[in-house]
Structures are given as structure tokens and as C-alpha cells.
Amino acid sequence: SELQDDIKLKKMVANFLNIAPYASPLISMKRMNQFKGSFSPDGQKIAVAAAKRDIANIYLVKLDGSIIKKLTKRGMNTDPDFSPTGNHVVFVSDIDGDEELYLYDLTTNQTEKLTDNTADDFSPSFSPDGKEIVFVSNMDNIYHWEIYKINVMNKKIKRLTKNKYWDGFPKFSSDGKRIVFSSKR
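Residues numbered from 1 in each chain as written. Predicted model: local features only at pLDDT ≥ 70, side-chain atom pairs only at ≥ 80, totals over all residues. Heavy atoms only, no water.

Colleague: So, the side chain of S137: which residues are in play, and what are the values?
Modeller: Within the fold, S137 resides in strand 10 (residues 132–137). The buried category is assigned to S137, whose relative accessible area is 0%. A polar side-chain atom of S137 sits 2.5 Å from a polar atom in the side chain of D121. At a separation of 3.0 Å, a polar atom in the side chain of S137 contacts the main-chain amide nitrogen of M139. (Helix = DSSP H or I, 4+ residues; strand = E, 2+ residues; numbered from the N terminus. Buried < 20%, exposed > 50% of the residue type's maximum accessible area, 1.4 Å probe, protein only. Polar contact = N/O pair within 3.5 Å; in protein donor to acceptor, adjacent residues only side chain to side chain.)

Structure, rendered in C-alpha cells:
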């Protein structure tokens, strides 16, 4: 329908139903395109990938959109996710030529490379205990995107899916016993 993206219509319907037109207020970051974010566990900050032109960085921002800290300085950086404690942010960066997972420590301001391969790794998500991260990669076959998990401490990687289709966007269940993901099966 031509009205599906009509903001006035959304606000009118929301007002009629006595609900907010958006799940949360819009957060602006002054002329930057924001394309993925993650709330901190306490709900007071957001780790967000935001770009000016063709360079994206990870920012830690307040809920009003003001920048607390820029976590990255070069490359294309995307897919941030907070650890359950709120002390770390995992993200994807291409600073070594392909997409790898990196872990930023908010207490020490240090960045650690988690994956190191010639594949593209993306869509990381922490386990509820913070010990593992699930992600998508084509490390075993350039044409097959599969789900993997990495142990944050020892960096051991385990492949979780194996099929001829695309698997993506994994997330742990709240108890950490299951993983939900999209699949083109």
C-alpha cells in the first residue's frame, strides 16, 4: 500500500489506539547513518554502528544520541553486541582485509581480535553467561554461510550447522541452551 510508510498515518493510528507510535523514541546522531545497535544490559547506553559516507565506526552513545566514546578508528565496523555484564562489546571489522570478530573491553579500552581467517565473519551475539559468542561465517566453504560459536577465553571455534543453504543471524536463548537463527532451507 502507498500508505504503509506514511508517518502521519502511523501517528494517527497510534493516537487512536492510545499507544506510542514507535517502540522507543528516535535517537539521532547528527548526520550519521546508524544501521545496527545493541542496548547495554542496564538499558542506559547503546553500542551502535554509524557511518559517515563509506566508513562505519562503533560508538557508545547515551539514549539521547550524544556520543560517550568512539570505540573504533578505522575500517568498516558493524554488528555490535554487548556482553551480559556490559563490560565488553563484540563487533565486526574489516581492518585486516576481511570481516573478523573483535572484542572491545570498556574497562581497559583495549581491542582484541577474536577470529583470524580469510573468510567473512559477522552477526556476533553473546551467550547469556558471556563465555561464548555465536556468529555467521563462510570459513569452511566460501559459498556456504554457517553458524559457529567461539569460546571468548581460548578462541576455540565450533561449527554448529552444516548444510547447503544459508544460515544467519544467530541468537542464544535466555538460558543459553538453544540458538535461534534464520535459514534459507
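Colleague: Give a detailed account of the nonpolar core, specifying residues and quantitative values.
Modeller: V90, L101, L103, L114, F126 and I133 are the most contacted members of the largest nonpolar core, which totals 15 residues. Elements represented by at least two residues in this core include exactly strand 6 (88–93), strand 7 (100–105), strand 9 (121–126), strand 10 and strand 11 (146–151). When near neighbours in sequence (up to four residues on either side) are disregarded, L101 contacts F91, V92, E112, K113, L114, T115, D121, F122, P124, I133 and F135. Ranked by size, the runner-up nonpolar core spans 11 residues in total, among them A47, L60, F91 and L106. (Core = buried A, V, L, I, M, F, W, Y, C linked by side-chain atoms within 4.5 Å. Contact = heavy atoms within 4.5 Å.)

Colleague: How would you summarise the pattern of salt bridges if you had to cite specific residues and measurements?
Modeller: All told, the structure shown has eight salt bridges when counted by the stated rule. Residue D42 pairs with K45 through a salt bridge whose shortest N-O separation is 3.9 Å. K45 gets classed as partly exposed once you look at its relative accessible area, which sits at 24%. A salt bridge links D96 to K113, with the nearest nitrogen and oxygen atoms 2.8 Å apart. (Salt bridge = Lys/Arg side-chain N within 4 Å of Asp/Glu carboxyl O.)

Colleague: Explain the sheet that holds strand 11 to me, using residue names and the numbers behind them.
Modeller: If you trace the four strands from one edge of the open sheet to the other, you get 9-10-11-12, paired in antiparallel fashion. Strand pairing shows two members of the sheet lacking a second neighbour, strand 9 and strand 12 (157–159), which therefore form its edges. Pairs of neighbouring strands in the sheet enclose a mean axial angle of 25°, with direction left out of account. Bridge count between strand 10 and strand 11: six bridges; the pairing is antiparallel. (Pairing = 2+ DSSP bridges. Axes fitted to C-alpha atoms, helices over the stretch in contact; angles between N-to-C directions.)

Colleague: Now, about the side chain of T72: what can you tell me, with residues and values included?
Modeller: Looking at the secondary structure, you find T72 in the loop between strand 4 (67–70) and strand 5 (77–82). With a relative accessible area of 6%, T72 lands in the buried category. At a separation of 2.9 Å, a polar atom in the side chain of T72 contacts the main-chain amide nitrogen of I58. Polar side-chain contacts of T72 include one of 3.4 Å to the side chain of N77.

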